[in-house]
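Given next are the chains, with one letter for each unit.
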Amino acid sequence: EDKVVQSPLSLVVHEGDTVTLNCSYEVTNFRSLLWYKQEKKAPTFLFMLTSSGIEKKSGRLSSILDKKELSSILNITATQTGDSAIYLCAAYNQGGKLIFGQGTELSVKP
Amino acid sequence: KAGVTQTPRYLIKTRGQQVTLSCSPISGHRSVSWYQQTPGQGLQFLFEYFSETQRNKGNFPGRFSGRQFSNSRSEMNVSTLELGDSALYLCASSLLTSGGLSSYEQYFGPGTRLTVT
């Protein structure tokens with residue numbers, strides 16, 4: 001059965017710290033991996049990764065896919081309290097079904 | 001461009017009743033997917049509609065059904081509600097349907113919070 005596993009499940013850091021969130025996947029005929037940020041509302045799209053080894057960057061956030069290790073990481077540098085959220089990782093299988101991980105709850109303390 | 005909209009935002013129903021939720025995708029998006037989010041199970045895929053046809057289905061009982069109209073708007077119906085159906089129901093739209101060699105990012109609506117008492 002297809003599955004996506006994220007670690008850690010929760011994380012508490014202080015403003016200014018750098019964090020790395022992990023996502024591993026076991027998905028039939030994997031096609032791409034997506035990262036979302038969810039605050040007290042709908043998930044907001046961050047990145048979609050299709051090719052291995054190519055970093056995608058948006059401000060202080062960056063992400064990279066490793067197809068050999070079946071994993072991805074999401075890095076956040078110089079964290080701010082506004083980064084506090086649940087970060088969701090999801091993978092598309094060939095059939096086009098998006099499988100979500102359980103999420104990493106990040107809390108950034110001032 | 002307006003985002004994905006869902007109505008109603010909040011709903012309280014009693015066991016045994018049925019409910020219909022509505023989703024309007026981003027203009028030009030033709031694929032609509034539905035998800036159930038609960039604290040214990042996380043985000044779980046319900047089904048996807050593309051060009052008025054169900055393309056994909058998750059592992060939910062037949063009480064959960066949906067449809068899509070020619071303007072890409074979608075509705076989801078849950079019949080004979082159970083307490084365990086209490087959840088946030090999220091709808092997401094994408095330009096086209098993903099599968100094969102193509103992947104498209106999905107954009108989520110604000111969700112409908114359903115409480116079954």
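To be clear, the structure that these remarks concern was listed above.
Throughout what follows, the structure given in this document is the object of discussion. Computed from a predicted model, the values in this text were never measured in an experiment. Starting afresh in each chain, residues are numbered from 1 along the sequence in its written order. Whichever chain is written first becomes A and whichever ligand is written first becomes 1, with later ones labelled in order. Local features are withheld for residues below a pLDDT of 70 in this predicted model, meaning they are given only at 70 or higher, and side-chain atom pairs are given and counted only at 80 or more; totals for whole chains, interfaces and linings count all residues. In computing side-chain properties, one takes all heavy atoms of the structure into account and sets aside hydrogens as well as water.

1. Some remarks on the pattern of salt bridges
Rules: Any carboxyl oxygen of Asp or Glu within 4 Å of a side-chain nitrogen of Lys or Arg constitutes a salt bridge here.
One pass over the full model with this rule turns up seven salt bridges over all chains. Connected through shared salt-bridge partners, R63(B), E82(B) and D85(B) make up one network.

2. Here's the deal with the sheet that holds strand β1 (residues 5–7) of chain B
Residue and element names in this part refer to chain B. Rules: At least two bridges found by DSSP between two strands are what make those strands a pair. In this text, helices come from DSSP runs of H or I with a minimum length of four residues, and strands from runs of E with a minimum of two, each type numbered from the N-terminal end. Axis lines are fitted through C-alpha atoms, for helices just across the contact stretch, and the angle between N-to-C directions can take any value from 0 to 180 degrees.
Spatial strand order, β1-β3-β8-β7: four strands in an open sheet with antiparallel pairing. Looking at the sheet topology across the chains shown, the edges are occupied by β1 and β7 (64–68). Along the sheet, successive strands turn relative to each other by an average axial angle of 20°, direction set aside. Examined bridge by bridge, β7 and strand β8 (residues 74–78) share five bridges and lie antiparallel to one another. Each residue of the ladder has a partner; that of Q68, found in β8, is S74.

3. Looking at the interface of chain B and chain A
Short version of the rule: Contact criterion: two residues are considered in contact whenever any of their non-hydrogen atoms come within 4.5 Å of each other. Buried area is a sum: the accessible area each of two parts loses on coming together, probed at 1.4 Å, counted once for each and added. Within 3.5 Å is the distance limit for a polar contact, defined as a pair of N or O atoms, with the added protein rule that one can donate a hydrogen and the other accept it, and that residues adjacent in sequence qualify only through two side-chain atoms. Note on residue classes: Ala, Val, Leu, Ile, Met, Phe, Trp, Tyr, Cys and Pro are nonpolar, Asp, Glu, Lys and Arg are charged, and everything else, Gly too, is polar.
Of the residues lining the interface, 22 residues belong to chain B; the matching set on chain A comes to 17 residues. Of all residues in chain B, L43(B), S103(B) and F108(B) give up the largest surface area on contact with chain A, accounting jointly for 28% of the area buried on that side. Viewed at the interface, chain A and chain B are joined by zero salt bridges. Between chain B and chain A we count seven residue pairs in polar contact (both at pLDDT 80 or more) in total. For the side of chain B that touches chain A, the secondary structure elements donating two or more residues are β4 (31–38), β5 (42–50), β6 (53–57) and β10 (107–108) of chain B. Grouping the amino acids of the side of chain B that touches chain A by side-chain chemistry returns nine nonpolar, nine polar and four charged.

4. Things to note about the pairing of strand β5 (residues 44–49) of chain A
For strand β4 (residues 32–38) of chain A and β5(A), the ladder comprises five bridges, and the chain directions are antiparallel. What sits directly across from W35(A), in β5(A), is F47(A).

5. Digging into unusual backbone geometry
Note the following rule: In this scheme, a residue with accessible area under 20% of its type's maximum is buried, one over 50% is exposed, and one in between is partly exposed, where area comes from a 1.4 Å probe on protein chains only.
The omega torsion of the bond from S7(A) to P8(A) falls at -10°, within 30 degrees of zero and hence cis. You can see P8(A) is positioned in the loop between β1 (3–7) and β2 (10–14). Positioned with a positive phi, T80(B) is a non-glycine residue whose angle comes to about 45°. For T80(B), the location among the structural elements is in the loop between β8 and β9 (87–94). For T80(B), a relative accessible area of 46% puts it in the partly exposed group.

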